[in-house]
Protein chains: 2
Amino acid sequence: MAKTDLEIAQECVLEPIETVAAKVDIPNDALEHYGKYKAKLAFDLIKELEKNKEGKLILVTAINPTKAGEGKSTTTVGLGDALNRIGKKTMMALREPSLGPVFGLKGGAAGGGYAQVVPMEDINLHFTGDMHAITTCNNLVSAILDNHIYQGNALNIDPASITFKRCLDMNERELRQIDIGLGAKVNGVKREDGFNITVASEIMASLCLASDLMDLKERFGKILVAYTYDQKPVFVRDLGIEGAMAMVMKDAILPNLVQTLEHNPVLIHGGPFANIAHGCNSVIATKTALRLADYVVTEAGFGADLGAEKFLDIKCRLADLHPNAVVIVATIRALKQHGGVAYEDLKEENVEAMLKGCENLAKHIDTIQQFGLPYIVAINEFVSDTPEEVKALQEWCQANGHPMALSQVWAKGGEGAIDLANQVVQLCEQENDFAPLYDVNDSIESKIESIARKVYGAKGVEFTPEAKEQIERFNELGWNDLPICMAKTQMSLSDDGKVMGRPTDFTITVRELRPSLGAGFIVALTGKVLTMPGLPKHPSALDMDIDANGKITGLF
Amino acid sequence: MAKTDLEIAQECVLEPIETVAAKVDIPNDALEHYGKYKAKLAFDLIKELEKNKEGKLILVTAINPTKAGEGKSTTTVGLGDALNRIGKKTMMALREPSLGPVFGLKGGAAGGGYAQVVPMEDINLHFTGDMHAITTCNNLVSAILDNHIYQGNALNIDPASITFKRCLDMNERELRQIDIGLGAKVNGVKREDGFNITVASEIMASLCLASDLMDLKERFGKILVAYTYDQKPVFVRDLGIEGAMAMVMKDAILPNLVQTLEHNPVLIHGGPFANIAHGCNSVIATKTALRLADYVVTEAGFGADLGAEKFLDIKCRLADLHPNAVVIVATIRALKQHGGVAYEDLKEENVEAMLKGCENLAKHIDTIQQFGLPYIVAINEFVSDTPEEVKALQEWCQANGHPMALSQVWAKGGEGAIDLANQVVQLCEQENDFAPLYDVNDSIESKIESIARKVYGAKGVEFTPEAKEQIERFNELGWNDLPICMAKTQMSLSDDGKVMGRPTDFTITVRELRPSLGAGFIVALTGKVLTMPGLPKHPSALDMDIDANGKITGLF
């Protein structure tokens, strides 16, 4: 029987974190240890590094995800290990997993097989407490806000207008919509509320786009929490708690250093939702890694239509990052699903369906080309892939002029991505003329249309009357010069999750806009976006255990 | 202007935690570092220590708290420092502060002035994440429980009977009573719920009474969460998640090592509410400290009627601990309040009122005598105390045969408690015949009556019809052989918080009983107990800040 990711991770003899740190010249006294194998990089080190020259930045993205899986995180880790194997001083910058899904279905987000980040259990549980700090920071806002209303409401806040929700790092469908302040009058003001999962909190998005603690404090101050009875926006700074919030985040703002199974350094820091937020690890982690290593491999959530677009249009724009190459991950299984094969039939060879599914891949390649970036297709191989399928895919890439590499990182670790690594190094040598897809000074409508047409391949965008009204209001309030964060299903290029492959002749409907002024973008919602997941019928938690020696089982 | 506790703490040049650990022979490789000045003691060390001989155990308790303050934590820290100064190898074992009150009014719980534990900011903020782990562990139960009902309710749970609440480490009056699962059907089962503050969670009480991780897992399994439609109790073990819960707590179960301003070792671990729970730090921390040091100073919440009674009747009984001496802390200011002086008039000399207030002190001394333990009264001196007041108090102690020491630990640290320390060492040399006040095999009614008569000085106990019915039910379910955890106002010996001094001729009314089967006791509620505090009109959070160098202000 194949080993589980946890079993593979548990077999690894980890190196002390100071040994891993030394590989990128981090001295031991610049580490804030969290046990023997995790450390936060000290505040002083991060400041001192600002003078360093930055290395090459490689983004790993993917086709639209399917149930078959693409292995984007696994490829990111494997590529980082492979670059180290061919002698390139390389770090990885990844997102922190959320605890909620760990107890549900999904489990770990730290790679898989022999391309993993360890200590796997700690990374997937409390890690260094960043998620908990975000939860606390978020709920401090809600507590102070409701208390303000209860204690006299000097700001004249309309409780029905509150836009800022509480949060928990747990899959809690029962908390999506709740009534609070019930019972006696001393239980506060009665109103409707709801909880988001922590990664969907604007605190998380703000953390991930902040340049330092003072910038984060300023972003917190800008967060919109409600409106007054006479329709004026109320911000966190009106409540006067951005200082306390920054204090709560004093450690959470420092990136976390861990290692791959091959003992290469990885920064794991921040993990905002890739729908209502931008879905990439923190700017601080990416920049710090670029100043420590010659190559940095990072990833963005979901497919290139969501994660990569936001990485390039939001994160790179706001943080002045210039990527050098993009890796687009696909699997033959997932391509077959995009070509119309049902999940149950994926084991059967089907070259025709795979080639049809390549249309989805082709659109994401087109998107990366529009951003002006060199790219390579990485095919994450599965044992079920047939030689005919592999050959046909190689021919398709060659015929269309797409650089391509096969990778076996799940089974072989870095050894399985040597070819990919060598090609990526070549791409990074090319000059590129990267630019975001739209000008932030364009109108909100025009920015959304640019994304829909250029990235999704839509023929246009429809705005509901509610959305039009909001845009008008945002224009009046001066919130029109921010980048757009699209909230769209990740399953399709369109806004209908059932449409696979490469749809044409469709429009995108924008139903609602939400200002994330602390993060610094406007969210455009194209459908119902769930910001609090639920647990499945048989949650993973039921199978988890720990024995008297502290050995964990059942964590995926 | 006098320095704040935070300013004094920030002036301290801390020793590396490995240096502090070495003072009680803890090797560096037995530390799990959390930064440079905090560490968890490794699992293997704790196991290995089990063979060690145990040191002397000193409990610090107090008179009934008043607005004037007693300085119990400050005395605990100062006494520990003083014992070290007179050459005794001493550790302290304290409770972890809760974040909720930090943002509200109360602030730190790690001593004050020159008798503090540091790093003060970290201890009062996220520390090593124990509170967050407890919050997660608690809310995992709720998420799995509601999901079970939503996914078919195989256990036939009556949603209206659910006794287990969600929790947050935040003062959130609006979450005391809420309706959840509102809106669409996919938002789960609609029902009434509420949040406790994390320290009021049974997860916290269970952690603090557990002997090790496997014992904790078993305790989790025993926690009552609801009843079935046919009135059968449903436990966590029926949901099958005690393994996942223990996994979540794998680090939180390890005690945290920090230092006093005088660099002496302190374990801070666990901090259950002193009303619906037993209000002392973890058994694991106390036992570990006893195996590392010759003297261990610890404290229990509120006055001797609550904290000390529970420490002695619950914690010492369940953990087989044998205390050697008790320190009863009082201030002249607080005694005057018990003698009838209003808070505003405390600055004025009032020997008569102080002597009247000594009645309260006398009752707590009587309680400690009933437990068969040697004791000393520690008067925590204030600048406003007059020579006449001090002299009268010394004479009162002498006339009544009570050992007594003045202490100035706030202003002088350990140097201010040398006399107290010397007297405590003498007390520890005495043989004592400590025994709990009641037999656990007595009836629930009889156990409660023992506490009310012997500890509170009540003439009897009345049980409401609801309480009587519950007792009958608990007897049938076999929950009658557990110790009792009284939930009573801390402000008075009676169950009326406005009655100060030493009331007589009163009865205690028990309104409700709650089984805490994981913790291992039955809670008897004598009034409305708030398990979720609210924020004041001007919460401390509004005055907190952090600057670009990471320096914190406004944290008390």
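These numbers were taken from a predicted model, which means no experiment stands behind them.

J.: Could you give me a rundown of the overall build of chain A, with the residues and numbers involved?
T.: Assigned secondary structure in chain A consists of 20 helices and 25 strands. At 23 Å, chain A has a C-alpha radius of gyration in line with the 24 Å of a compact globule built from 556 residues. The principal-axis extents of the C-alpha atoms in chain A amount to approximately 70 × 55 × 50 Å. Counting only residues that meet the buried cut, chain A has 65% of its 556 residues in that class. Residue pairs in contact within chain A that sit at least 24 positions apart in sequence constitute 75% of those at least 6 positions apart. For chain A, the accessible surface area stands at approximately 19,000 Å², while carbon and sulfur atoms represent 48% of it.

J.: Let's hear about helix 9 (residues 213-222) of chain B: which residues, and what values?
T.: Most of helix 9 of chain B is tucked away, with 7 of its 10 residues classed as buried. When helix 9 of chain B is considered as a whole, its buried residues turn out to be B:L213, B:D215, B:L216, B:K217, B:R219, B:F220 and B:G221. The secondary structure elements touched by the buried residues of helix 9 of chain B are strand 24 (545-546) of chain A together with helix 7 (130-150), helix 8 (202-209), strand 12 (233-235), helix 10 (236-239) and helix 11 (242-248) of chain B. Its side-chain oxygen 3.2 Å from the backbone nitrogen of B:M214, B:D212 forms the N-cap of helix 9 of chain B.

J.: Help me get a handle on the interface of chain B and chain A, residues and values and all.
T.: Counting from both sides, the interface comprises 72 residues of chain B and, opposite them, 72 residues of chain A. Buried surface at the junction of chain B and chain A, both sides included, amounts to about 6,300 Å², of which 61% is carbon and sulfur. It is B:E174, B:M247 and B:I546 that lose the most area in chain B upon contact with chain A, and together they represent 11% of the buried surface on that side. Taken together, chain B and chain A are joined by 8 salt bridges. Among the salt bridges present, the one from A:K36 reaches B:E32, with a minimum N-O distance of 3.6 Å. Remark: the boundary between chain B and chain A carries 33 residue pairs in polar contact (both at pLDDT 80 or more).

J.: A description of the domain arrangement of chain A should follow, citing residues and the corresponding values.
T.: All names here are of chain A. For chain A, the domain assignment lists domain 1 (5-128 + 252-429), domain 2 (130-249) and domain 3 (447-525). Look at where the C-alpha atoms of domain 1 and domain 2 centre, and you get two points 33 Å apart. On the domain 2 side, the residues contacting the 29 residues of domain 1 number 21 residues. In terms of surface lost to domain 2, no three residues of domain 1 exceed A252, I253 and F273, which account for 26% of the buried area on that side. Linking domain 1 with domain 2 are 1 salt bridge, by the criterion used here. Between K40 and D130 there is a salt bridge, and its shortest N-O distance comes to 2.7 Å.

J.: Can you tell me about the sheet that holds strand 20 (residues 484-487) of chain A, naming the residues and giving the values?
T.: Residues and elements named next belong to chain A. Strand order in the open sheet made by the 3 strands is 20-23-22, with mixed pairing throughout. The sheet terminates laterally at strand 20 and strand 22 (512-516), the two strands that pair on one side only. For this sheet, the mean inter-axis angle between neighbouring strands, taken without regard to orientation, is 25°. Judged from the 5 bridges that link them, strand 22 and strand 23 (residues 521-525) form a sheet pairing that is antiparallel. Residue pairing for strand 23: E512 is matched across the bridge by L525. Against the sheet, helix 13 (residues 304-319) engages strand 20 and strand 23, with an angle of about 170° to strand 20. Along the sheet, helix 20 (residues 465-477) makes contact with strand 22 and strand 23, crossing strand 22 at roughly 30°.

J.: Talk me through the UniProt feature "binding site: ATP" (unreviewed entry) in chain A; I want residue IDs and the actual numbers.
T.: Residue and element names in this part refer to chain A. Mapped onto this numbering, the UniProt entry gives "binding site: ATP" (unreviewed entry) at T66, K67, A68, G69, E70, G71, K72 and S73. With respect to the helices and strands, the residue A68 is situated in the loop between strand 3 (56-62) and helix 4 (72-85). A68 sits in the buried class, given a relative accessible area of 7%. Once you skip the residues sitting within four places of it in the chain, A68 turns out to touch R333, A334, Q337, Y343, L346 and F382. Within the secondary structure, K72 sits in helix 4. Judged by its relative accessible area of 12%, K72 is buried.

J.: Go over the relation of the copies chain B and chain A, please, and point to the residues and values.
T.: For the match of chain B to chain A, the screw axis carries a shift of 0.0 Å, the RMSD comes to 0.0 Å, and the turn is 180°. Here the symmetry operator amounts to a two-fold rotation axis. Mapped onto chain A, 100% of the interface residues of chain B are again interface residues, and the two copies thus contact each other with one and the same surface.

J.: Describe the packing of aromatic side chains, naming the residues involved and giving the relevant values.
T.: Residue and element names in this part refer to chain A. One pass over the full model with this rule turns up 8 aromatic pairs over all chains. Connected via pairs of aromatic rings, a cluster forms that spans F235, F474 and W479. The ring of F382 carries the charged tip of R333 above its face, separated from the ring centre by 4.9 Å.

J.: Let's hear about the side chain of B:S282: which residues, and what values?
T.: All names here are of chain B. Looking at the element boundaries, S282 is found in the loop between strand 14 (265-268) and helix 12 (283-292). Judged by its relative accessible area of 0%, S282 is buried. There is a polar contact of 2.7 Å between the side chain of S282 and the side chain of H269. In this structure, S282 is in contact with L207, C208, H269 and K315, ignoring residues within four places of it in sequence.

J.: Just give me the short version of the environment of A:N475, but keep the residues and values in it.
T.: Residues and elements named next belong to chain A. Its place among the elements puts N475 in helix 20. For the pair formed by N475 and Y34, sequence separation is 441 residues and the distance between their alpha carbons is 46 Å. Contact partners of N475, with chain neighbours within four places excluded, come to I444 and N480.

J.: Describe in detail the sheet that holds strand 22 (residues 512-516) of chain B, supporting the description with residues and values.
T.: Residue and element names in this part refer to chain B. Spatially, the 3 strands line up as an open sheet ordered 20-23-22, and their pairing is mixed. Across the chains shown, the open sheet's two edge strands, defined by having one partner strand only, are strand 20 (484-487) and strand 22. Pairs of neighbouring strands in the sheet enclose a mean axial angle of 25°, with direction left out of account. The strands touched by helix 19 (residues 444-456) are strand 20, strand 22 and strand 23 (521-525); relative to strand 20, the strand with the most contacts, the crossing angle is about 55°.

J.: Give me the lowdown on the pattern of salt bridges, citing residues and values where you can.
T.: This model, assessed by the stated rule, comprises 55 salt bridges over all chains. With a closest N to O distance of 3.1 Å, A:E512 and A:R514 form a salt bridge. Taking the relative accessible area as the measure of exposure, A:E512 reaches 24% and is therefore partly exposed. Given a relative accessible area of 33%, A:R514 falls into the partly exposed group. Note that B:K217 and A:D545 form a salt bridge whose closest N and O atoms lie 2.7 Å from each other.

Rules used throughout
Residues numbered from 1 in each chain as written. Chains lettered and ligands numbered in written order. Predicted model: local features only at pLDDT ≥ 70, side-chain atom pairs only at ≥ 80, totals over all residues. Heavy atoms only, no water. Helix = DSSP H or I, 4+ residues; strand = E, 2+ residues; numbered from the N terminus. Rg over C-alpha atoms; globule rule 2.2 N^0.38 Å. Buried < 20%, exposed > 50% of the residue type's maximum accessible area, 1.4 Å probe, protein only. Contact = heavy atoms within 4.5 Å. Areas by Shrake-Rupley, 256 points an atom, 1.4 Å probe, with all protein chains shown as cover. Polar contact = N/O pair within 3.5 Å; in protein donor to acceptor, adjacent residues only side chain to side chain. Buried area = accessible area lost by both parts, 1.4 Å probe. Salt bridge = Lys/Arg side-chain N within 4 Å of Asp/Glu carboxyl O. Domains from an automatic or database assignment. Pairing = 2+ DSSP bridges. Axes fitted to C-alpha atoms, helices over the stretch in contact; angles between N-to-C directions. UniProt positions renumbered as here; feature names shortened; annotations may be inferred. Least-squares fit on C-alpha atoms with pLDDT ≥ 70 in both. Phe/Tyr/Trp six-rings, centres within 6.5 Å; stacked < 30°, edge-to-face > 60°. Lys NZ or Arg CZ within 6 Å of the ring centre and 35° of its normal.

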